[in-house]
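Examining the three-dimensional arrangement
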Amino acid sequence: MLIATPVMAAEQLTKDDFAEPVIEGINKTFYLIGEEISGTYFIQPKTDDKATRLDNRYYEIYNFLDSPELRIEVAYKQGGIVVKGGEDYLNARINDWDYGLNSLKVEFSGRIPTVEDRVEDFVILQINVTDADADVLKPVVVKVVNENAFSGVISSLESKIEELNTKSLELENLGVAVGVAKQKIKTAQDYISDGKDYYAQKKYIEADSSLSKAEEYLNEAENELFRLDVNYRLAQAEDKLDEFLEKISELDAATLQAKEKGISTTAYDIKLQQFKTKYNNLYNRIEVNAKDYIDNGLYDDAKTTIEGVVNEVDQAIAEINGLISEIKAQILEETPTPTPTPTPTPSEPFYSGIVEYFQEKRDVIIFYGGLLAGIVVLGFVAYRVAKIYMKRRKWDELK
């Protein structure tokens, strides 16, 4: 039995060929790094008539523990037992036996290795079988707790809370509604508090669950604040574009005035056309590209696009201001300074008469003065409303 050479089986094994594996010794909810652990893995055919299907093949056994030890016992039906030992790997050769495999017992031991996460599902034993489905024998998996990772993540989450609260306050002071984000931050704070309590009680699984919830809510709050920030920047960029358009109109008016004075404006006309083209390009980058990024949650790309547009608009406005100043200076050179006409000083009787007139008509003047002020205010409101709707029309006229 010990020296017989097996021939690789052609029959493909499935879970249906094996009885449910029995695993003994692994009975704790979680294990700490460096903790010693040992157990036994029992493999048997599902029924007696399947025993011959399990032999005539190799069983590869892997032990992923630190300081690992392995020991196997191969028991054949109506036959003997083969014992073999090793450390982290054994290749158990199961011979072709008349009555098949009765059982394979795998004893394993070692210490829990280091993991990165707070709680991690760690495979400590895995068994592969030739000519069998990959998952024909389930691995041995335990939950491993990294205590140091808990203290680190709690500190990190608390710092994140402070960072997001600061960002929230900044946006709130700018007039941005941040209620949704602040509620998510508060919920995350509650989960962090629960997680700290569970951790202090060494309820690591519960602590990990609470801290994971806190991470989810903080990520959502961060995304919400980022979205609000980008939308605020978008509104600012649109205002900048409005200012750019107004400056183009000023430059256009200045060139027309210069032409009326007989001043050559060819260079300025070329610049004016370039600014109109630039405005159209920047407008599309904001209204098409940046808004598309925002709609698809690509806030980093949107922010980069918006910042680029604002920088270009600032540079263009500065250049236009310089050109307008140049044109106005040339206009002043071409325009003679008029001689001021002296204003006669009113005589005392005339002055007194005016004072008496205004005293008599004081109530009427106050009434019509208030009415005129109201008309001015209403006119300003109408102007602001019309400006919003006329912006594109104004641009079309400039083009």
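Presented here is an overview of the structure given in this document.

Criteria and thresholds
Residues numbered from 1 in each chain as written. Predicted model: local features only at pLDDT ≥ 70, side-chain atom pairs only at ≥ 80, totals over all residues. Heavy atoms only, no water. Pairing = 2+ DSSP bridges. Helix = DSSP H or I, 4+ residues; strand = E, 2+ residues; numbered from the N terminus. Axes fitted to C-alpha atoms, helices over the stretch in contact; angles between N-to-C directions. Parallel < 35°, antiparallel > 145°, perpendicular 65-115°, else oblique. Left-handed = near helix turned anticlockwise from the far one by under 90°. Nonpolar A, V, L, I, M, F, W, Y, C, P; charged D, E, K, R; others polar. Salt bridge = Lys/Arg side-chain N within 4 Å of Asp/Glu carboxyl O. Buried < 20%, exposed > 50% of the residue type's maximum accessible area, 1.4 Å probe, protein only. Lys, Arg positive; Asp, Glu negative; His and termini not counted. Polar contact = N/O pair within 3.5 Å; in protein donor to acceptor, adjacent residues only side chain to side chain. Core = buried A, V, L, I, M, F, W, Y, C linked by side-chain atoms within 4.5 Å. Expected span 1.5 Å × (residues − 1). Contact = heavy atoms within 4.5 Å.

Looking now at the pairing of strand β3 (residues 36-43). Alignment of strand β1 (residues 22-24) against β3, held across three bridges, turns out to be antiparallel. For Glu24, the partnering residue across the bridge sits in β3 and is Thr40. Two strands pair when backbone bridges link them, and β3 and strand β8 (residues 101-111) are joined in this way by eight bridges, in the antiparallel orientation. The partner of Thr40 across the bridge, within β8, is Glu107.

Moving on to the packing of helix α4 (residues 266-295) against helix α5 (residues 299-334). It is at 10 Å that the axes of α4 and α5 come closest, and there the two elements cross at 160 degrees. For the element pair α4 / α5, the angle class is roughly antiparallel. Of the two elements, α4 crosses α5, and the hand of that crossing is left-handed. Partitioning the contact of α4 with α5 into residue classes produces 16 nonpolar, three polar and seven charged.

A pair can form between side chains of opposite charge whenever their charged atoms are brought close. Enumeration according to the criterion identifies 35 salt bridges in this entry. Two residues, Arg233 and Glu307, come together in a salt bridge whose shortest N-O distance is 3.4 Å. Residue Arg233 is located in helix α3 (residues 204-260), and its partner Glu307 is located in helix α5; the two are separated by 74 residues in the primary sequence. A residue is classified by how much of its surface remains accessible, and Glu307, at 33% relative accessible area, is partly exposed. Between Glu250 and Lys247 there is a salt bridge, and its shortest N-O distance comes to 3.7 Å. Residue Glu250 and its partner Lys247 are both found in helix α3; the two are separated by three residues, about one turn of the helix. Taking relative accessible area as the criterion, Glu250 reaches 38% and is therefore assigned partly exposed. One salt-bridge network, in which partners are shared between bridges, spans Glu11, Asp16, Asp17, Lys46, Lys50 and Arg53.

What follows concerns the side chain of Asp55. Along the polypeptide, Asp55 turns up in the loop between β3 and β4 (57-63). The buried charged residue Asp55 lacks any salt bridge partner; its closest oppositely charged side chain belongs to Arg57, at an N-O distance of 6.0 Å. A distance of 2.9 Å separates a polar side-chain atom of Asp55 from the backbone nitrogen of Trp97.

Right, let's get into the sheet that holds strand β6 (residues 81-86). The sheet built from five strands is open, its strands ordered β1-β3-β8-β5-β6 with antiparallel pairing. A strand with exactly one partner marks an edge of an open sheet, and here the two such strands are β1 and β6. For this sheet, the mean inter-axis angle between neighbouring strands, taken without regard to orientation, is 15 degrees.

Following the sequence through the fold, Arg57 ends up in strand β4. No salt bridge is formed by the buried Arg57; the nearest opposite charge belongs to Asp131, separated by 4.6 Å. A distance of 3.3 Å separates the side chain of Arg57 from the backbone oxygen of Asp55, its partner in a polar contact.

In this section: unusual backbone geometry. Although it is not a glycine, Ser67 adopts a positive phi angle of roughly 50 degrees. For Lys202, which is not glycine, the phi torsion reads 60 degrees and is therefore positive. Within the secondary structure layout, Lys202 lies in the loop between α2 (179-200) and α3.

Glancing now at the pairing of strand β5 (residues 66-76). In this structure, β5 lies alongside β8, joined through nine bridges in antiparallel fashion. Looking across to β8, one finds that Asp66 is bridged to Arg111. Here β5 folds back onto β6 in antiparallel fashion, the turn holding four residues, of which Gln78 has a positive phi close to 50 degrees.

Attention shifts here to the nonpolar core. The biggest cluster of nonpolar side chains holds 34 residues, and the ones touching the most others in it are Tyr59 and Leu125. When residues of this core are traced back to their parent elements, those giving at least two are β3, β4, β5, β7 (89-94), β8, β9 (119-129) and β10 (140-145). If you tally residues by element for this core, the top one is β9, at five residues. Ala254, Leu282, Val309 and Val313 belong to the second largest nonpolar core, which has 32 residues in total.

Let us look at α3. Between the first and last C-alpha of α3 there are 83 Å, a value that for 57 residues agrees with the 84 Å anticipated at 1.5 Å per step. Once α3 finishes, Gly262 follows within two positions and takes phi at roughly 80 degrees, a positive value.

Moving on to the sheet that holds β4. Read across the sheet, five strands follow the order β2-β10-β9-β4-β7 without closing on themselves; strand pairing throughout is mixed. Unpaired on one side and paired on the other, β2 (31-32) and β7 mark the two borders of the sheet. By the bridge criterion, five bridges tie β4 to β9 in an arrangement that is antiparallel. What sits directly across from Ile61, in β9, is Ile127. Packed on one face of the sheet, α3 meets β2, β9 and β10 and runs near 110 degrees to β9.

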